[in-house]
Amino acid sequence: MNLLLFLGGDGSSYNGTIMLAIFDVIIMAIGLYSMRVASQMKKTGVPPEWLVPASTLKKMKRKKEFCDEMAPKTIIFGVLCLIYGVYGLIAVFVIGNYWARVAGVVLFLIFLIWYFMELQKIRDLHL
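As the structure is a prediction and not an experimental result, all values here were calculated from the model.

Student: Could you give an account of the overall build of the protein chain, naming the residues involved and the relevant values?
Tutor: Within the protein chain one finds five helices and zero strands. Counting every position in the protein chain, which comprises 127 residues, the buried fraction comes to 39%. Across the protein chain, contacts joining residues at least 24 apart in sequence account for 68% of those joining residues at least 6 apart. Summed over all atoms, the accessible surface of the protein chain reaches about 7,400 Å², with 71% contributed by carbon and sulfur.

Student: Lay out helix 4 (residues 63-95) with the relevant residues and their values.
Tutor: In a regular helix each residue adds 1.5 Å, so 33 residues correspond to 48 Å; helix 4 covers 44 Å between its end C-alpha atoms and thus fits that length. Where helix 4 bends most, the angle comes to about 35°, and this point is Met 70, followed within four residues by the proline Pro 72. Taken from the residues just after helix 4, Gly 96 is the one with a positive phi, measuring 65°.

Student: How would you sum up the pattern of salt bridges? Please name residues and give values.
Tutor: One pass over the full model with this rule turns up five salt bridges. The salt bridge involving Arg 101 is made with Asp 24; its shortest N-O contact spans 3.0 Å. Residue Arg 101 is found in helix 5 (residues 98-125), and its partner Asp 24 is found in helix 2 (residues 14-44); the two are separated by 77 residues along the sequence. This pair shows no difference in class: Arg 101 is buried, exactly as Asp 24 is. For the salt bridge of Lys 64 with Asp 68, the shortest nitrogen-to-oxygen distance reads 3.2 Å. Residue Lys 64 and its partner Asp 68 are both found in helix 4; the two are separated by four residues, about one turn of the helix.

Student: Account for a nonpolar patch on the surface, naming residues and giving values.
Tutor: The grouping of Ile 75, Ile 76, Val 79, Leu 80, Ile 83 and Trp 114 at the surface amounts to a nonpolar patch, some 470 Å² of accessible area in total. Counting residues per element, the nonpolar patch draws most heavily on helix 4, at five residues. Overall, Ile 75 belongs to the partly exposed group, its relative accessible area being 36%.

Student: Kindly report on the nonpolar core, identifying the contributing residues and their values.
Tutor: Residues Met 41, Leu 51, Phe 66 and Met 70 are the most contacted members of the largest nonpolar core, which totals 20 residues. Among the elements of the structure, helix 2, helix 4 and helix 5 are those that each provide at least two residues to this core. Setting aside anything within four residues of it in sequence, one finds Phe 66 in contact with Met 41, Pro 47, Val 52, Met 60, Leu 119, Ile 122, Arg 123 and His 126.

Student: Give a description of the side chain of Ser 34 that names residues and reports values.
Tutor: For Ser 34, the location among the structural elements is in helix 2. With residues near it in sequence (within four places) discarded, Ser 34 still touches Trp 50, Thr 74, Phe 77 and Gly 78.

Student: Describe the layout of surface pockets, and please don't skip the residues or the numbers.
Tutor: Empty space among the atoms becomes apparent when a probe as large as a water molecule is rolled across them. Here the largest pocket defines a volume of roughly 150 Å³. Every element with two or more residues in the lining of the largest pocket is listed here: helix 4 and helix 5. Of the residues assigned to the lining of the largest pocket, the class counts are seven nonpolar, one polar and no charged.

The rules behind these values
- Residues numbered from 1 in each chain as written.
- Predicted model: local features only at pLDDT ≥ 70, side-chain atom pairs only at ≥ 80, totals over all residues.
- Heavy atoms only, no water.
- Helix = DSSP H or I, 4+ residues; strand = E, 2+ residues; numbered from the N terminus.
- Buried < 20%, exposed > 50% of the residue type's maximum accessible area, 1.4 Å probe, protein only.
- Contact = heavy atoms within 4.5 Å.
- Areas by Shrake-Rupley, 256 points an atom, 1.4 Å probe, with all protein chains shown as cover.
- Expected span 1.5 Å × (residues − 1).
- Bend = angle between axes of the 7 residues up to and from the residue.
- Salt bridge = Lys/Arg side-chain N within 4 Å of Asp/Glu carboxyl O.
- Patch = residues over 30% accessible without salt bridge, like charges linked within 9 Å, V, L, I, M, F, W, Y side chains within 5 Å.
- Core = buried A, V, L, I, M, F, W, Y, C linked by side-chain atoms within 4.5 Å.
- 1 Å grid on protein atoms, 1.4 Å probe; cavity = no way out; pocket = protein on both sides within 12 Å on 5 of 7 lines; lining within 4 Å.
- Points joined across faces, edges and corners; volume = space filled by probe spheres on them.
- Nonpolar A, V, L, I, M, F, W, Y, C, P; charged D, E, K, R; others polar.

Okay, structure coming up:
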């Protein structure tokens, strides 16, 4: 898939706009799911498998501490996914500017890298 088309191009591509809208809605759904899972993780003290694979979970010694440290970061992740999804829809349908979309994607990728680095650091700490 052409990166320019995926990021919305010049706004004249109807298919590109629909793809972007679907992508943004999926990101928003991930954000809502992340916030729900973080809340559940905080209550139960059991990390979900999408954060810690089952094989790693068996080795983990301090699951409750992992949940206490990772739940707030996962809630932040969820909120930022929601914000990005809304921003993405606005950038596609209202702003219609390619560079606005690129800026949003770059910021979102930076945040994703931060989140997964934190996840790895905290997961390794509690093994």
